[in-house]
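# Residue-level structural notes
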Amino acid sequence: MVADMTPTPEYSAIIQPPQGLSRLEKSAFRDGVRQYFKGAKVVSAFEIDALADLIRARTRVAALQKILDTEVREMKESGVLLSVDLIPMIRQIDATTRLAIKLADRLKPSAR
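This report concerns the structure included in the present document. Nothing here was measured: the structure is a model prediction, and the numbers come from that model.

## Details of the pattern of salt bridges
Opposite charge on two side chains lets them pair, provided their charged atoms get close. Under the criterion given, the structure shown has two salt bridges. The shortest N-O distance in the salt bridge between Asp 31 and Arg 34 comes to 2.5 Å. Taken together, the residues span about one helical turn, with Asp 31 and Arg 34 both in helix 1 (residues 23–36) at a distance of three residues. The exposure class of Arg 34 is exposed, given its relative accessible area of 52%. Of the charged contacts, one joins Arg 56 and Asp 53 as a salt bridge, the two residues approaching to 3.6 Å between their closest N and O atoms. Pair noted here: Arg 56 and Asp 53 are both in helix 2 (residues 45–78), with a separation of three residues, about one helical turn.

Below you can see the structure in the form of structure tokens.
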């Protein structure tokens, strides 16, 4: 009896970026595939989703950091030293950074 070699939704030899990623995120996804799945014979849908989540988290951190930097620069120009309005944004950056670290740890070959 010959095993069915058709790719299933869970496993696939060709890893395509998920729908909904921007061009920059798709490029980062392809880099992540090379980094995290190099030499892997099988990659699960869970791992692909985790990589997409990692890319989205990194993109979000970069966007939030850019917004925070702009806000801080504008505050300095206006003479304001500190604003409590920035605390929620700083917390969001911290939380998203922690999430990205956890996602990256899950994708390490030793964790698979």
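## Points about the packing of helix 2 against helix 3 (residues 87–107)
Taken N-terminus to C-terminus, the directions of helix 2 and helix 3 make an angle of 155°; their axes are 9 Å apart at the nearest point. In terms of their interaxial angle, helix 2 and helix 3 are classed as roughly antiparallel. Relative to helix 3, the crossing made by helix 2 is left-handed. Partitioning the contact of helix 2 with helix 3 into residue classes produces 16 nonpolar, four polar and four charged.

## Comments concerning helix 2
In this model, helix 2 (34 residues) spans 49 Å end to end at C-alpha, consistent with the 50 Å of a helix rising 1.5 Å per residue. Inspection of helix 2 places Glu 47, Ile 48, Ala 50, Leu 51, Ala 52, Leu 54, Ile 55, Ala 57, Val 61, Leu 64, Leu 68 and Met 75 among the buried residues, and these make up the whole buried set. Tucked inside the fold, the buried residues of helix 2 contact helix 1 and helix 3. Following helix 2 by one or two positions, Gly 79 adopts a phi angle in the positive range, close to 90°.

Thresholds applied
- Residues numbered from 1 in each chain as written.
- Predicted model: local features only at pLDDT ≥ 70, side-chain atom pairs only at ≥ 80, totals over all residues.
- Heavy atoms only, no water.
- Salt bridge = Lys/Arg side-chain N within 4 Å of Asp/Glu carboxyl O.
- Helix = DSSP H or I, 4+ residues; strand = E, 2+ residues; numbered from the N terminus.
- Buried < 20%, exposed > 50% of the residue type's maximum accessible area, 1.4 Å probe, protein only.
- Axes fitted to C-alpha atoms, helices over the stretch in contact; angles between N-to-C directions.
- Parallel < 35°, antiparallel > 145°, perpendicular 65-115°, else oblique.
- Left-handed = near helix turned anticlockwise from the far one by under 90°.
- Nonpolar A, V, L, I, M, F, W, Y, C, P; charged D, E, K, R; others polar.
- Expected span 1.5 Å × (residues − 1).
- Contact = heavy atoms within 4.5 Å.

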